[in-house]
Amino acid sequence: MMNRTLPNRAIEWQEGQLILLDQRLLPSTVEFLRINNVLDVYEAIKNMVVRGAPAIGITAAYGVVLSAISHQHLAADQAKLNILTDIQTLANARPTAVNLHWALKRMQACLDDNSVDWLKNLQAEANSIHQEDIAANKKMGELGAEYIKRNSSVMTHCNAGALATGGYGTALGVIRSAYEQGKIENVFANETRPWFQGARLTAWELQQENIPVNLICDSAAASALRAYDVEWIIVGADRIAANGDVVNKIGTYGLAILAKQAGKKFMVVAPTSTIDLGSASGNDIEIEERGSQEVTHVGEKIIASQGVNVWNPVFDVTPAELVDVLVTEHGVIEKPDTKKIAQLFASPHIN
Ligand code: MRU
């Protein structure tokens, strides 16, 4: 049965348990998993119960809290070793979204002080990571919406909404904010093969709030840009290199090329936790490749020729020169490059 109610949060911490909305089942089924051990958190991230770069980071942070709970009966040194092993396991759940590593680094730092109550600190840190992400999304929503004119049509790819973050969304946060200001007439949501984040998640999220949305096949994006007055393509990111190259859902690079060719503008919306100064360019970033069944099947049904070879990279690299605007919670960078990104990080607000 279709349930049209968007839960407040896709990720919740309730009385020592992690509650995750199972995004694999959306939109037809709204079901939550109760998770109380770290290996189940690892599986949930790996198997896409929860997905989207900031959401993965927040989930992993709560995973570390579950690890600490399970080891709290041990002597401090042993407990710490076990938690560090669990942090390593969580870090291996998915390779591309840097928010996972960023969040785990913050959690690991809580273990460094031997004199304090780890569990309390870890719980507080996971909660901060979650709340800060929501606040960052709201801020980016405001900043990005300033670039949108009245009566605009925009296009988005994958799902960079409430489901992919602590709440509100990055790219969808800008769209939500611009819609609240009466600026959005229509959103083209690309279906986003092979996992259909656009069809299943973005279309659903926008429908919940009565934001006008047209779902299109990925291959219709060029035609939509030509046929309609789409001013902006707005996407999130899984990792942004120090030079501004953007790694995001497969298909993003093609859209950025289309935008350039069609004279449209390309906006990337991502918190600073998605920027990885350790990767000089997109070439340094590992692109996750997932199983062939995501391409050969839709659900349980095979749609491809049996036994065909498949290549399934799930992210791509958009060179910085194709990005018109990078929106972060600490400010907007037009035409991002190494120098401008370094300047942003030199701001005293970013640690
Ligand atoms: O494979 P997914 O669904 O985790 O990929 C998600 C994306 O590519 C999103 O665009 C990105 O994480 C930004 S989410 C705010």
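The rules behind the values
- Residues numbered from 1 in each chain as written.
- Predicted model: local features only at pLDDT ≥ 70, side-chain atom pairs only at ≥ 80, totals over all residues.
- Heavy atoms only, no water.
- Phe/Tyr/Trp six-rings, centres within 6.5 Å; stacked < 30°, edge-to-face > 60°.
- Helix = DSSP H or I, 4+ residues; strand = E, 2+ residues; numbered from the N terminus.
- Lys NZ or Arg CZ within 6 Å of the ring centre and 35° of its normal.
- 1 Å grid on protein atoms, 1.4 Å probe; cavity = no way out; pocket = protein on both sides within 12 Å on 5 of 7 lines; lining within 4 Å.
- Points joined across faces, edges and corners; volume = space filled by probe spheres on them.
- Nonpolar A, V, L, I, M, F, W, Y, C, P; charged D, E, K, R; others polar.
- Disulfide = S-S within 2.5 Å.
- Buried < 20%, exposed > 50% of the residue type's maximum accessible area, 1.4 Å probe, protein only.
- Domains from an automatic or database assignment.
- Contact = heavy atoms within 4.5 Å.
- Buried area = accessible area lost by both parts, 1.4 Å probe.
- Salt bridge = Lys/Arg side-chain N within 4 Å of Asp/Glu carboxyl O.
- Polar contact = N/O pair within 3.5 Å; in protein donor to acceptor, adjacent residues only side chain to side chain.
- Near = heavy atom within 4 Å.
- Areas by Shrake-Rupley, 256 points an atom, 1.4 Å probe, with all protein chains shown as cover.
- Sits in = over half its atoms within 2 Å of the grid points.
- Pairing = 2+ DSSP bridges.
- Axes fitted to C-alpha atoms, helices over the stretch in contact; angles between N-to-C directions.

Enquirer: It is not clear to me how the packing of aromatic side chains should be interpreted in this structure. Could you clarify?
Expert: Two aromatic rings are characterised by how far apart their centres lie and by the angle between their planes. This structure, assessed with the given rule, holds 3 aromatic pairs. Centre to centre, the rings of Trp 13 and Tyr 62 are 5.3 Å apart; their planes meet at 10°, and the pair counts as stacked. Pair noted here: Trp 13 is in strand 1 (residues 11-14) and Tyr 62 is in helix 2 (residues 53-71), with a separation of 49 residues, a long-range link. Consider the rings of Phe 188 and Tyr 228, whose centres lie 5.2 Å apart with planes at 50°: the pair is tilted. Placement of the pair is Phe 188 in strand 5 (residues 184-190) and Tyr 228 in the loop between helix 8 (221-227) and strand 7 (230-235), with a sequence separation of 40 residues. In this structure, Lys 138 packs its charged tip against the face of Tyr 168, placed 5.4 Å from the ring centre.

Enquirer: Looking at this structure, how should I read the layout of surface pockets?
Expert: Gaps between atoms show up when a probe of the same size as a water molecule is rolled over them. The volume enclosed by the second largest pocket comes to roughly 250 Å³. Around the second largest pocket, the lining residues are Pro 194, Trp 195, Phe 196, Gly 291, Gln 293, Glu 294, His 297, Val 298, Gly 299 and Glu 300. Among the secondary structure elements, those contributing two or more residues to the lining of the second largest pocket are helix 10 (293-296) and strand 12 (297-298). Among the residues forming the lining of the second largest pocket, the class breakdown is 4 nonpolar, 4 polar and 2 charged.

Enquirer: Whenever I open this one, the state of the cysteines confuses me. Can you help?
Expert: When the sulfur atoms of two cysteines share a covalent bond, that bond is a disulfide. Following the criterion strictly, the structure yields 0 disulfides and no others. Not engaged in a disulfide, the cysteine Cys 158 finds its nearest cysteine sulfur in Cys 217; these two sulfurs lie 16 Å apart. Since its relative accessible area comes to 8%, Cys 158 is described here as buried. Taking the relative accessible area as the measure of exposure, Cys 217 reaches 41% and is therefore partly exposed.

Enquirer: Where do I start with the domain arrangement of the protein chain in this structure?
Expert: Where the parts come together, the accessible area they lose is often given as the size of the interface. Domain annotation for the protein chain reports domain 1 (2-135) and domain 2 (137-345). Each of domain 1 and domain 2 has a C-alpha centre, and these two points are 24 Å apart. Contacts between the two partners involve 37 residues from domain 1, matched on the other side by 36 residues from domain 2. Between domain 1 and domain 2, the buried area comes to about 2,800 Å², and carbon and sulfur atoms account for 54% of it. Inspection of the region where domain 1 meets domain 2 yields 1 salt bridge. The salt bridge partner of Arg 94 is Glu 288, with a shortest N-O separation of 2.9 Å. The tally of links from domain 1 across to domain 2 stands at 23 residue pairs in polar contact (both at pLDDT 80 or more).

Enquirer: Is there a simple way to explain the site of the ligand in this structure?
Expert: In the vicinity of the ligand there are 18 residues, among which Arg 94, Gln 197, Asp 238, Asn 248 and Lys 249 approach most closely. Note that an oxygen atom of the ligand is positioned 2.9 Å from one of the backbone N or O atoms of Gly 52. Contact between the ligand and Asn 248: an oxygen atom at 2.7 Å from a side-chain N or O atom of the residue. Calculation on the ligand without its partners gives an accessible area of 420 Å², and the protein chains cover 100% of this total. One can see that the ligand is located within the largest cavity. A per-class count over the shell around the ligand returns 8 nonpolar, 6 polar and 4 charged. Structurally, the shell around the ligand is a two-domain feature, drawing no fewer than three residues from each of domain 1 (2-135) and domain 2 (137-345).

Enquirer: I would appreciate a short explanation of the pattern of salt bridges in the present structure.
Expert: Pairing is possible between side chains that carry opposite charge, provided their charged atoms lie close to one another. Taken as a whole and assessed by the stated rule, the structure comprises 13 salt bridges. Its salt-bridge partner being Glu 205, residue Arg 176 comes within 2.9 Å of it at the nearest N-O pair. With Arg 176 in helix 6 (residues 171-180) and Glu 205 in helix 7 (residues 197-208), this residue pair connects regions lying 29 residues apart in the sequence. Note that Glu 209 is salt-bridged to Arg 176, the shortest N-O span being 2.9 Å.

Enquirer: Explanation requested: the environment of Gly 198 in the structure shown.
Expert: Relative to the elements of secondary structure, Gly 198 occurs in helix 7. Spatially, the C-alpha atom of Gly 198 lies 9.2 Å from that of Ala 160, the residues being 38 residues apart in sequence. Ignoring any residue separated from it by four or fewer positions in sequence, one finds Gly 198 in contact with Cys 158, Ala 189, Asn 190, Glu 191, Thr 192, Ala 203 and Leu 215.

Enquirer: Please clarify how empty space enclosed by the protein should be interpreted in this entry.
Expert: One pass over the full model with this rule turns up 3 cavities of 30 Å³ or more. Empty space within the largest cavity amounts to approximately 190 Å³. Listed by contribution, the elements that provide at least two residues to the lining of the largest cavity are helix 2 and strand 9 (246-249). By residue class, the composition of the lining of the largest cavity is 11 nonpolar, 9 polar and 4 charged. Taken domain by domain, the makeup of the lining of the largest cavity includes at least three residues from each of domain 1 (2-135) and domain 2 (137-345).

Enquirer: Before we go on, may I ask you to explain the sheet that holds strand 1 in this structure?
Expert: Whether parallel or antiparallel, the strands of a sheet pair through hydrogen bonds between backbone atoms. The antiparallel open sheet is built from 3 strands, whose spatial order is 1-2-3. The open sheet has two edge strands, strand 1 and strand 3 (32-35), and neither has a second partner. Between one strand and the next, the sheet's axes are offset by a mean angle of 25°, whatever the strand orientation. Two strands pair when backbone bridges link them, and strand 2 (residues 17-21) and strand 3 are joined in this way by 4 bridges, in the antiparallel orientation. Pairing of Ile 19 across the sheet is with Arg 34, part of strand 3. On top of the sheet, helix 2 reaches strand 1, strand 2 and strand 3; it is set at about 20° to strand 1, its chief contact.

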